[in-house]
Amino acid sequence: QLNGKIPTEFGKLSVLQDLRLHNNQLNGTIPSIFGRLSNFTHLYLQVNSLTGSLPSSLGNLPLVELTCGDNSLEGSIDWMSGMTK
């Protein structure tokens, strides 16, 4: 099981398409640098202890699936209305 903050170094992996970090003990916020991953289609973050809001930069991605339930996330997700999938 992973614990601690999500490393921002994931945001430097330009070919990353799928990141599965669910069912761990991750805390802190979701790095906004994920919004730079132009090939990113699947992000699984459910069942952690993440806080804050979903970065609006995720709205720029071709996400097909985003799961983030069972965390302590808050705030608006108005940017998701522009997503095509």
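Figured I'd write up the structure that's included with this text.

What counts and what doesn't
- Residues numbered from 1 in each chain as written.
- Predicted model: local features only at pLDDT ≥ 70, side-chain atom pairs only at ≥ 80, totals over all residues.
- Heavy atoms only, no water.
- Helix = DSSP H or I, 4+ residues; strand = E, 2+ residues; numbered from the N terminus.
- Rg over C-alpha atoms; globule rule 2.2 N^0.38 Å.
- Buried < 20%, exposed > 50% of the residue type's maximum accessible area, 1.4 Å probe, protein only.
- Contact = heavy atoms within 4.5 Å.
- Areas by Shrake-Rupley, 256 points an atom, 1.4 Å probe, with all protein chains shown as cover.
- Core = buried A, V, L, I, M, F, W, Y, C linked by side-chain atoms within 4.5 Å.
- Pairing = 2+ DSSP bridges.
- Axes fitted to C-alpha atoms, helices over the stretch in contact; angles between N-to-C directions.
- Salt bridge = Lys/Arg side-chain N within 4 Å of Asp/Glu carboxyl O.

### Quick word on the overall build of the chain
Right, so step 1: Within the chain, the regular secondary structure consists of 0 helices and 7 strands.
Right, so step 2: Here the chain has a C-alpha radius of gyration of 12 Å; the compact-globule value for 85 residues is 12 Å, and the two agree.
Right, so step 3: For the chain, the C-alpha atoms occupy an extent of roughly 30 × 30 × 15 Å along the three principal directions.
Right, so step 4: Of all 85 residues assigned to the chain, the portion counted as buried reaches 39%.
Right, so step 5: In the chain, the share of contacts with a sequence separation of at least 24, taken over all contacts with a separation of at least 6, comes to 32%.
Right, so step 6: With an accessible surface of roughly 5000 Å², the chain has 48% of that area assigned to carbon and sulfur atoms.

### Some thoughts on the nonpolar core
Right, so step 1: If you look at the biggest cluster of nonpolar residues, it comprises 18 residues, and the most contacted ones within it are I6, L19, F34, F40, L43, L45 and L58.
Right, so step 2: Not counting the four nearest positions on each side in its chain, I6 is found in contact with L21, L26, N27, P31, F34, L45 and L50.

### Description of the sheet that holds strand β2 (residues 18–20)
Right, so step 1: A sheet is described by the order of its strands in space; here 3 strands give the open sequence β2-β4-β6, paired in parallel fashion. Both edges of this open sheet fall to β2 and β6 (65–67), since each of them pairs with a single strand only. The average angle at which neighbouring strand axes cross in this sheet is 10°, direction not considered.

### Describing the pattern of salt bridges
Right, so step 1: Counted according to the given criterion, the structure contains 1 salt bridge.
Right, so step 2: A salt bridge links D18 to R20; the nearest nitrogen and oxygen atoms lie 3.1 Å apart.
Right, so step 3: A residue is classified by how much of its surface remains accessible, and D18, at 33% relative accessible area, is partly exposed.

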